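For reference, the chains in residue letters:
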Amino acid sequence: MPLLGAIADDFTGATDLATNLVARGMRTVVTLGVPSPADLPEAADLDAVVIAVKIRTTEVEEAVTTARAALRTLRDLGCERIYDKYCSTFDSTPQGNIGPIIDALLADLDAPGTVVVPAFPDTGRTVYQGRLFVGTELLEDSSMRHHPLTPMTDSRVRRLLEPQTRHAVGELAHPIVRRGAEAVREALESEFAAGRPLVVLDAVDEDDLRTIAEATRDLPLITGGSGLALGLPQPASSALAARQAESIPVVDGHRAVLAGSASAASRAQVAAGRELLPWRKLDLAALRADTTAEVDSIVEWARARWAEDPQRPVLVYAVDSLADIEPPRPDGGEPASALIERALGQCAAAFFEHGMRQLVVAGGETSGTVLTALDVTRLRIGAPLSPGVSWAAGTTGDGDVVNLALKSGNFGDEDIFTSSWERLA
Ligand SMILES: Nc1ncnc2c1ncn2[C@@H]1O[C@H](COP(=O)(O)OP(=O)(O)O)[C@@H](O)[C@H]1O
Ligand SMILES: O=C(O)[C@@H](O)C(=O)COP(=O)(O)O
């Protein structure tokens, strides 16, 4: 089976996708940042390479340049098919970055068109009549409308995408998907021929995703959330991949949870975590006054907790309720989002210095900053924790290993901050 190359626009998204690729039996590696092909000598023994980049909320130009660099590496590695992974709740703004990245990849691959498939039914994300649902709610009515960086206030995927792309956007309704792969293939060809190279497909369950995956087998580019991966064919080596996933290295050390996510699921997980774990909430005013002093005080606090009980995780988090969210500052000062990410990155680096080796991170942007601060460049996916979330073994530039679970804002059970550690044993 030819090597699949994926570009994920944030780090939790990358582990989400890799979790589903591994679940399909694909031997998968995640690189954090764009590697050079020489950094992946083992590519010949892999089924998929996922390049994680933090480009969901950067300037459009930077996002496009980075995505194109990732594509060049994947093609140099011999990838014949590319999977562009974005968020299952289509996290983006009218400027991008989903549309501009798809436009650039289509052009570089000289592809006739592609599919747009955010659906991930295992986590309640479905697309019907072109509208994205989160559980029983339209996206625009879900908690995503309050996201600090990418508030989602429309649910029609075509309408979200149109301002972001220079292409016309088509839609394929559910009855066509239900007719099977051949019908979808023909309908896509008609859409492409009619000048609509981006096509949003309805998908409400895994059967639909299997149909779409089958219908798009020959397209050089597919795009979507991670759900589409669950429809990909299983390679002959799938048993080997399953064994590898069970056998990631587990490193002894202190444990921590760093939660920069303000999403509804994360807030509930923080509330549950506070009942059972020692916790510190980031104090925005103190961080603004003197970030280093505030981070130092958190690090001293964590060390004291670990001195009492080396195995007990500490929880450091940003948000209890929506009232905590601070909008971007009119004076142009550092936004709270950047300040919080920076502080959590500094906490992670200092925690590592003091022996922390097992870490749960809540939030995609947060994970990007934390893993960059830890200089983690490579992940191998281990035991699954819940749909889209797994333990991983991260390797730093210095060759150290740290166990990581990167949890997307709205993924994971309420007790994930306290129950996940058992799965590492
Ligand atoms: N009190 C706050 N005010 C403004 N932004 C915040 C606050 N707390 C956290 N944030 C920011 O919200 C963003 C959450 O994004 P992310 O980490 O991707 O989480 P999610 O996975 O829930 O989207 C981060 O940039 C984080 O720093
Ligand atoms: O597709 C998804 O929902 C996730 O993989 C994802 O990208 C979520 O983003 P964050 O909530 O910002 O972690």
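Residues numbered from 1 in each chain as written. Chains lettered and ligands numbered in written order. Predicted model: local features only at pLDDT ≥ 70, side-chain atom pairs only at ≥ 80, totals over all residues. Heavy atoms only, no water.

Turning next to the overall build of the protein chain. Secondary structure summary: the protein chain contains 14 helices and 18 strands in total. Computed over C-alpha atoms, the radius of gyration of the protein chain comes to 21 Å, within 12% of the 22 Å expected from 2.2 N^0.38 for 425 residues, which places it in the range of a compact globule. Principal-axis analysis of the C-alpha atoms gives the protein chain an extent of 65 × 50 × 35 Å. In the protein chain, buried positions account for 57% of the 425 residues. For the protein chain, the proportion of contacts with a sequence separation of at least 24, taken over those separated by at least 6, is 75%. Put simply, the protein chain shows about 16,100 Å² of open surface, and 48% of that area lies on carbon and sulfur atoms. (Helix = DSSP H or I, 4+ residues; strand = E, 2+ residues; numbered from the N terminus. Rg over C-alpha atoms; globule rule 2.2 N^0.38 Å. Buried < 20%, exposed > 50% of the residue type's maximum accessible area, 1.4 Å probe, protein only. Contact = heavy atoms within 4.5 Å. Areas by Shrake-Rupley, 256 points an atom, 1.4 Å probe, with all protein chains shown as cover.)

Next up on the list: the site of ligand 1. The environment of ligand 1 is made up of 20 residues, and the closest members are His 147, Ser 261, Ser 263, Glu 341 and Thr 366. Between ligand 1 and Ser 263 there is a distance of 2.5 Å, counted from an oxygen atom to a side-chain nitrogen or oxygen. For ligand 1, the protein covers 97% of the area, taking 570 Å² as the surface of the free molecule. Put simply, the parts of the chain that give the shell around ligand 1 at least two residues each are helix H12 (336-353) and helix H13 (364-373). Top contributing element to the shell around ligand 1 by residue count: H12, with four residues. For the shell around ligand 1, a count of residues per class yields seven nonpolar, nine polar and four charged. (Near = heavy atom within 4 Å. Polar contact = N/O pair within 3.5 Å; in protein donor to acceptor, adjacent residues only side chain to side chain. Nonpolar A, V, L, I, M, F, W, Y, C, P; charged D, E, K, R; others polar.)

With twelve residues, helix H3 (residues 98-109) should cover 16 Å at 1.5 Å per step; its first-to-last C-alpha distance of 17 Å lies within 8% of that length. Where burial is concerned, most of H3 is hidden: ten out of the twelve residues are buried. One or two steps after H3, the chain reaches Asp 110, where phi turns positive at roughly 50°. (Expected span 1.5 Å × (residues − 1).)

What follows deals with the domain arrangement of the protein chain. We note that the domain assignment places domain 1 (4-245) and domain 2 (248-423) within the protein chain. For domain 1 and domain 2, the distance between their C-alpha centres works out to 27 Å. On the side of domain 2, 33 residues touch domain 1, which itself brings 31 residues to the contact. Summed over both sides, the interface between domain 1 and domain 2 buries roughly 2,500 Å², with carbon and sulfur atoms accounting for 60% of that surface. (Domains from an automatic or database assignment. Buried area = accessible area lost by both parts, 1.4 Å probe.)

What follows covers the side chain of Ser 390. Here Ser 390 lies in strand E17 (residues 389-396). You can call Ser 390 buried: its relative accessible area is 4%. Among the polar contacts listed, one links the side chain of Ser 390 to the side chain of Thr 19, at a separation of 2.8 Å. Excluding anything up to four places from it in sequence, Ser 390 contacts Thr 19, Ile 381, Gly 382, Ala 383, Pro 384, Leu 385, Leu 404, Ala 405 and Leu 406.

Attention now goes to the pattern of salt bridges. Counted by the stated rule, this structure contains 28 salt bridges. Salt-bridge contacts for Arg 56 lead to Asp 9; the nearest nitrogen and oxygen are separated by 2.8 Å. One end of the pair, Arg 56, is in the loop between strand E3 (48-52) and helix H2 (60-76); the other, Asp 9, is in the loop between strand E1 (4-8) and helix H1 (11-23), with 47 residues separating them in the sequence. Here Arg 56 and Asp 9 have matching classes, each one buried. A salt bridge links Arg 178 to Asp 205, with the nearest nitrogen and oxygen atoms 2.6 Å apart. Residue Arg 178 is found in helix H5 (residues 174-178), and its partner Asp 205 is found in the loop between strand E10 (198-201) and helix H7 (206-215); the two are separated by 27 residues along the sequence. Among the residues examined, Asp 205 registers a relative accessible area of 24% and is labelled partly exposed. (Salt bridge = Lys/Arg side-chain N within 4 Å of Asp/Glu carboxyl O.)

Around ligand 2, the structure places 14 residues, and the nearest of them are Thr 12, Asp 16, Arg 56, Lys 85 and Ser 88. Arg 56 is positioned with one of its side-chain polar atoms (N or O) 2.7 Å from an oxygen atom of ligand 2. Residue Gly 409 places a main-chain N or O atom 3.0 Å away from an oxygen atom belonging to ligand 2. In the complex, 94% of the free accessible area of ligand 2, which totals 350 Å², lies under the protein chains. If you tally residues by element for the shell around ligand 2, the top one is H1, at three residues. Looking at the shell around ligand 2 residue by residue, the class counts come to three nonpolar, seven polar and four charged. Per-domain counts for the shell around ligand 2 show at least three residues from each of domain 1 (4-245) and domain 2 (248-423).

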